[in-house]
Amino acid sequence: MSTRPERYQGTERISGVVKRIKHALEVNQWRGRLFALAMANFVRNYQDRLLFDQINEAYEETPPDPAEQALMRQLRQQHRRMVEGEW
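Residues numbered from 1 in each chain as written. Predicted model: local features only at pLDDT ≥ 70, side-chain atom pairs only at ≥ 80, totals over all residues. Heavy atoms only, no water.

Visitor: Kindly report on the packing of aromatic side chains, identifying the contributing residues and their values.
Guide: Evaluated as defined, the whole model comprises 1 aromatic pair. Their ring planes at 15 degrees and their centres at 6.4 Å tell us that Phe-42 and Tyr-46 sit as a pair that is stacked. A residue pair is termed a helical-turn pair when its members lie 3 or 4 positions apart in one helix, as Phe-42 and Tyr-46 do in helix α2 (residues 31-61) at 4 residues. (Phe/Tyr/Trp six-rings, centres within 6.5 Å; stacked < 30°, edge-to-face > 60°. Helix = DSSP H or I, 4+ residues; strand = E, 2+ residues; numbered from the N terminus.)

Visitor: Hey, could you go over a nonpolar patch on the surface for me, with residue numbers and the actual values?
Guide: Taken together, the side chains of Phe-35, Met-39, Phe-42, Val-43, Tyr-46 and Leu-50 make up a nonpolar region of the molecular surface, amounting to roughly 600 Å² of accessible area. Mapped onto the elements, Met-39 comes out in helix α2. (Patch = residues over 30% accessible without salt bridge, like charges linked within 9 Å, V, L, I, M, F, W, Y side chains within 5 Å. Areas by Shrake-Rupley, 256 points an atom, 1.4 Å probe, with all protein chains shown as cover. Salt bridge = Lys/Arg side-chain N within 4 Å of Asp/Glu carboxyl O.)

Visitor: Any chance you could break down helix α3 (residues 66-83) for me, citing the residues and the numbers?
Guide: For α3, spanning 18 residues, the distance from its first C-alpha to its last is 26 Å, which sits close to the expected 26 Å at 1.5 Å a residue. Where α3 begins, one side-chain oxygen reaches toward the backbone nitrogen of Ala-67, 3.1 Å away; that side chain belongs to Asp-65. Directly beyond the C-terminal end of α3, a positive phi value near 85 degrees is found at Gly-85. (Expected span 1.5 Å × (residues − 1). Polar contact = N/O pair within 3.5 Å; in protein donor to acceptor, adjacent residues only side chain to side chain.)

The structure is reproduced here in structure tokens:
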């Protein structure tokens, strides 16, 4: 089982889709057009997920070299300083 964080929480995307569907119904768009919009959204999300998984797999296969590790350490420290006191 992978310990990858989930990219999609779902609620924002679902609420956006619901808003588009409600709007389409309010302006009397054809069902076919509504279905096409829903399918396009589904395909785009599916492709995003595939790409995301491929990127994660590539990073899992090759561990970072020492230079990359040093850069990641610096980025984490910089991020920590940026968000310090926000929680």
